[in-house]
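One letter stands for each residue in the lines below.
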Amino acid sequence: MAKRKVYVAGHRGMVGGAILRQLQARQEAGEDLDLVTRSSAELDLTDQAAVADFMQSEKPDQVILAAAKVGGIHANNTYPAQFIYENLMIECNVIHQAFAAGVLNLLQLGSSCIYPKAVPQPMREDALLTGTLEPTNEPYAIAKIAGIKLCESYNRQYGTDYRSVMPTNLYGPGDNFHPENSHVLPALIRRFHEARLQGRDEVVIWGSGEPRREFLHVDDMAEASLFVAGLDRAIYDDNTQPMLSHINVGSGSDVTILDLARLVAKITGFEGRIATDPSKPDGTMRKLIDVTRLADMGWRASIPLEQGIAETYDWYLKQDQENLKSK
Ligand SMILES: NC(=O)C1=CN([C@@H]2O[C@H](COP(=O)(O)OP(=O)(O)OC[C@H]3O[C@@H](n4cnc5c(N)ncnc54)[C@H](OP(=O)(O)O)[C@@H]3O)[C@@H](O)[C@H]2O)C=CC1
Ligand SMILES: C[C@H]1O[C@H](OP(=O)(O)OP(=O)(O)OC[C@H]2O[C@@H](n3cnc4c(=O)[nH]c(N)nc43)[C@H](O)[C@@H]2O)[C@@H](O)[C@@H](O)C1=O
């Protein structure tokens, strides 16, 4: 039997990298896989003609779409045009050109920010499009909702099997530690680490510290993505209502940002004060997702938050030291 050719879009990113590592482990364990990757420098997924050429020449059996314009609350709020344009273009090009090249199986990653700002918690899949979105990331969320609807529409009209997973806030090795544009967890790991090294007695966190967020380790996310991609179609379809084909992926519990900061302080060894900066946005106050659907299918997260942050900090320290050496 021919090898199954899988294209992982976004393999240099945090999630795509973790998915690729798990697929490579399967390959080493004997699974007949042909793994295809391209960096954004090699293939700009916003370029329709380039994506068409690539799909026609590679003709993968399966596409995993983990490429996107990604960032935290500040980046989303500051670069809304890039977040909506690049994400819509990437989704349209990858999904349509995959279809045009005869790809029947695809999995794409959305985000829990697709759900309305004021919605019963935990947020079920059928909360989609029941209210207005959180303004700080509405353009990104609109693009992610369009991704779900693209998959649903191609499935309805052409009978393809294009699936969508909606992750909660993710973290782990390979994360972006940019001081302004990153998500909260990598930002705090870096800020608390630097404060300890510099002997500072205070670290400031953005907003009130009161919002709650649910965090999932990227290795859990990669495992869940491959679990959903590999589900028998009858099981996937049985568990989705008509016109509601996405599946939430989360850890099932959330923490306040202040408690998260205390945990990061403990792990990084910072013993000073934690202050808040109310001039920075809180964003949505709570976005815990309901993970019943995925749990019923047989998958649950396994990496506890404290352990996951400690491992991520170890990874960060290794990167930090390599960077220091190369300076
Ligand atoms: N991180 C999080 O907390 C969450 C992430 N998600 C979703 O998970 C997915 C993966 O996110 P994550 O791994 O964190 O993001 P990263 O920013 O770590 O990685 C994104 C990847 O996308 C690629 N990419 C971006 N633009 C282009 C382009 N124009 N052409 C080709 N490739 C491009 C980049 O490739 P290159 O490196 O080659 O430039 C990069 O490696 C995204 O869909 C995101 O929306 C959802 C919820 C939370
Ligand atoms: C995954 C998700 O990520 C984004 O949404 P978000 O959950 O609001 O993301 P965030 O991680 O950046 O912030 C979480 C909370 O944490 C607070 N916070 C404190 N101190 C820092 C800090 O130093 N940096 C950041 N970024 N936030 C901080 C911050 O004020 C907020 O209250 C979406 O735009 C969208 O991309 C999306 O889907």
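What you see is a predicted model, and the numbers here were worked out from it, not measured in a lab.

Below, the discussion takes up the UniProt feature "active site" (unreviewed entry) in the chain. In the numbering used here, UniProt assigns the "active site" (unreviewed entry) feature to Tyr140. The topology assignment puts tyrosine 140 in helix 5 (residues 138-158). Take tyrosine 140: its relative accessible area is 10%, and that puts it in the buried class. Ignoring sequence-local partners within four residues, the contact set of tyrosine 140 consists of Lys69, Asn76, Phe83, Asn87, Ser111 and Cys113.

Among the nonpolar cores identified, the biggest contains 30 residues, and Ile19, Leu23, Met221, Val249 and Leu294 are the most heavily contacted of them. Among the secondary structure elements, those contributing two or more residues to this core are strand 1 (4-9), helix 1 (14-28), strand 2 (33-36), strand 4 (105-109), helix 7 (218-230), strand 9 (246-249) and helix 10 (292-297). The dominant element in this core, judged by the number of residues it contributes, is helix 7, at seven residues. With sequence-adjacent residues up to four places away left out, valine 249 is seen in contact with Val165, Met166, Pro167, Thr168, Leu216, Met221, Ala224, Ile289, Val291, Leu294 and Trp299. Within the second largest apolar cluster, 22 residues are counted, among which are Val94, Val103, Leu106 and Leu150.

Let us now look at the site of ligand 2. Taken together, 22 residues lie near ligand 2, and Ser111, Arg191, Arg213, Pro281 and Asp282 sit nearest. The contact in question runs from an oxygen atom of ligand 2 to an N or O atom on the side chain of asparagine 76, over 2.9 Å. Side-chain polar atom of lysine 287 to an oxygen atom of ligand 2: 3.0 Å apart, as the coordinates give it. In isolation ligand 2 exposes 700 Å². Once the protein is present, 98% of that is buried. Of the residues belonging to the shell around ligand 2, the class tally is 10 nonpolar, eight polar and four charged.

Rules of the game
- Residues numbered from 1 in each chain as written.
- Chains lettered and ligands numbered in written order.
- Predicted model: local features only at pLDDT ≥ 70, side-chain atom pairs only at ≥ 80, totals over all residues.
- Heavy atoms only, no water.
- UniProt positions renumbered as here; feature names shortened; annotations may be inferred.
- Helix = DSSP H or I, 4+ residues; strand = E, 2+ residues; numbered from the N terminus.
- Buried < 20%, exposed > 50% of the residue type's maximum accessible area, 1.4 Å probe, protein only.
- Contact = heavy atoms within 4.5 Å.
- Core = buried A, V, L, I, M, F, W, Y, C linked by side-chain atoms within 4.5 Å.
- Near = heavy atom within 4 Å.
- Polar contact = N/O pair within 3.5 Å; in protein donor to acceptor, adjacent residues only side chain to side chain.
- Areas by Shrake-Rupley, 256 points an atom, 1.4 Å probe, with all protein chains shown as cover.
- Nonpolar A, V, L, I, M, F, W, Y, C, P; charged D, E, K, R; others polar.

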